[in-house]
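Structural description and commentary
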Amino acid sequence: MAMLEIKDLQVYYGVIQAIKGISFEVNQGEVIALIGANGAGKTTILHTITGLVPAKEGSIMFEGKDLLKTPAHTIVALGMAHVPEGRRIFADLTVYDNLKLGAYTRSDKKEIAETLEKVFERFPRLKERRNQIAGTLSGGEQQMLAMGRALMSHPKIILMDEPSMGLSPLFVTEIFNIIKEISASGTTVLLVEQNAKKALAIANRAYVLETGNIVLAGDAKVLMDDDSVKKAYLGE
Ligand code: ATP
């Protein structure tokens, strides 16, 4: 059984259909990329999975549990963390307080402290800046903080929305290296990206989205060599 299984999903904003009946799955340990142009529906899919946007039809099963029947505020406790588009860190709080808030579903202080140590190991920059006000971090540092905050919930799967958006090339490379490390440490990753080249380079499999439909799916390495993907998404 797949860890996350989306079937025949349809999502509307008013009368506009943003997701037109898509199905896909994420297996434990995989890095899955959802790629596609602006407005294809990538963010909508993540928001529907995490309960921020309601589905009209279909099902979303996470480890056998129907997420469409699960209140949004309880989904983090099931082991699913979301790193939203535009980071959405708490700008007025310190780095440390942002990270602590990421663990709000957990109660064991010792385990939380251990996770914090691991997050600081993965993001030494956040450790150095633990008392800095988060809103004064650079864009790349804020992305690291958003990822670190998500990891504080000790997720089984992490959903990331456009982590490379607005970052300098150096930071983009660093962020993708960190995603690889997160995956290597055993966390499953569902990655939404407009940077198809970078996303396909680290993904096991990918789905290509166009105006609410999945138009292509397969092994990331195979998609990288696909002529239509190259033309439309890899700028070749
Ligand atoms: P981007 O990379 O620009 O975020 P995306 O692939 O994530 O694009 P979505 O943000 O999911 O795409 O948008 C899918 C479609 O749904 C678009 O046509 C968008 O205009 C529409 N849409 C998104 N959010 C809303 C909303 N709150 N109300 C109405 N329409 C919306």
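So, here's what we can say about the structure. All values derive from a computational prediction rather than experimental measurement.

The next point concerns the nonpolar core. Core analysis: the largest hydrophobic core is formed by 48 residues, its most contacted members being I158, M160 and I179. Not counting residues within four places of it along the chain, the set of residues in contact with I179 comprises M147, M160, P163, V189, L191 and I202. F62, L67, L190 and L209 belong to the second-largest nonpolar core, a separate cluster that totals 28 residues.

Moving on to the environment of A196. Tracing the sequence through the fold places A196 in helix α7 (residues 196–202). Residue class for A196 comes out buried when judged on its relative accessible area of 2%. A sequence separation of 37 residues divides A196 from Y233, and the C-alpha atoms of the two residues are 6.1 Å apart. When residues no more than four places from it in sequence are discounted, the contact partners of A196 are I35, Y233 and L234.

A few words on the site of the ligand. Within the structure, the ligand sits among 13 residues, and N38, G39, G41, T43 and T44 are positioned closest to it. Here G39 contributes a backbone N or O atom positioned 2.7 Å from an oxygen atom of the ligand. At 2.8 Å from an oxygen atom of the ligand is found a main-chain nitrogen or oxygen belonging to G41. Protein burial of the ligand: of its 620 Å² of free accessible surface, 58% is covered by the chains. With 3 residues, helix α1 (residues 42–49) is the largest single contributor of residues to the shell around the ligand. Among the residues making up the shell around the ligand, the classes are represented as 4 nonpolar, 6 polar and 3 charged.

Moving on: the sheet that holds strand β4 (residues 57–62). The antiparallel open sheet is built from 4 strands, whose spatial order is β2-β1-β4-β5. Each edge of the open sheet carries a strand with a single partner, namely β2 (16–26) and β5 (65–66). Sheet analysis places strand β1 (residues 4–13) next to β2, joined by 8 bridges and oriented antiparallel. Paired with E5 across the two strands is E25, which belongs to β2.

Evaluated as defined, the whole model comprises 1 aromatic pair. Aromatic pair F24 and Y207: ring centres 5.2 Å apart, planes at 50 degrees, arrangement tilted. A residue pair is termed long-range when its members are at least 10 positions apart, and F24 in strand β2 and Y207 in strand β9 (residues 205–210) qualify at 183 residues. Judged by its relative accessible area of 7%, Y207 is buried.

Locating T94 in the fold gives a position in the loop between β6 (80–83) and α2 (95–102). For T94, a relative accessible area of 17% corresponds to the buried category. Side-chain polar atoms of T94 contact the backbone nitrogen of D97, separated by 3.0 Å. Residue contacts for T94: discarding those within four places in its chain leaves R130, N131, Q132, I133 and A134.

Closest axis-to-axis distance for the helix α5 (residues 139–151)/helix α6 (residues 169–184) pair is 10 Å, and the angle between their directions is 15 degrees. With respect to their mutual orientation, α5 and α6 come out roughly parallel. Regarding α5 and α6, the two cross each other, and that crossing is right-handed. Residues G140, E141, Q143, M144, M147 and L151 of α5 lie in contact with α6, whose contacting residues are F171, E174, I175, I178, I179 and I182. Along the lines of polarity and charge, the residues of the contact of α5 with α6 split into 8 nonpolar, 2 polar and 2 charged.

Rules used in this analysis
Residues numbered from 1 in each chain as written. Predicted model: local features only at pLDDT ≥ 70, side-chain atom pairs only at ≥ 80, totals over all residues. Heavy atoms only, no water. Core = buried A, V, L, I, M, F, W, Y, C linked by side-chain atoms within 4.5 Å. Buried < 20%, exposed > 50% of the residue type's maximum accessible area, 1.4 Å probe, protein only. Contact = heavy atoms within 4.5 Å. Helix = DSSP H or I, 4+ residues; strand = E, 2+ residues; numbered from the N terminus. Near = heavy atom within 4 Å. Polar contact = N/O pair within 3.5 Å; in protein donor to acceptor, adjacent residues only side chain to side chain. Areas by Shrake-Rupley, 256 points an atom, 1.4 Å probe, with all protein chains shown as cover. Nonpolar A, V, L, I, M, F, W, Y, C, P; charged D, E, K, R; others polar. Pairing = 2+ DSSP bridges. Phe/Tyr/Trp six-rings, centres within 6.5 Å; stacked < 30°, edge-to-face > 60°. Axes fitted to C-alpha atoms, helices over the stretch in contact; angles between N-to-C directions. Parallel < 35°, antiparallel > 145°, perpendicular 65-115°, else oblique. Left-handed = near helix turned anticlockwise from the far one by under 90°.

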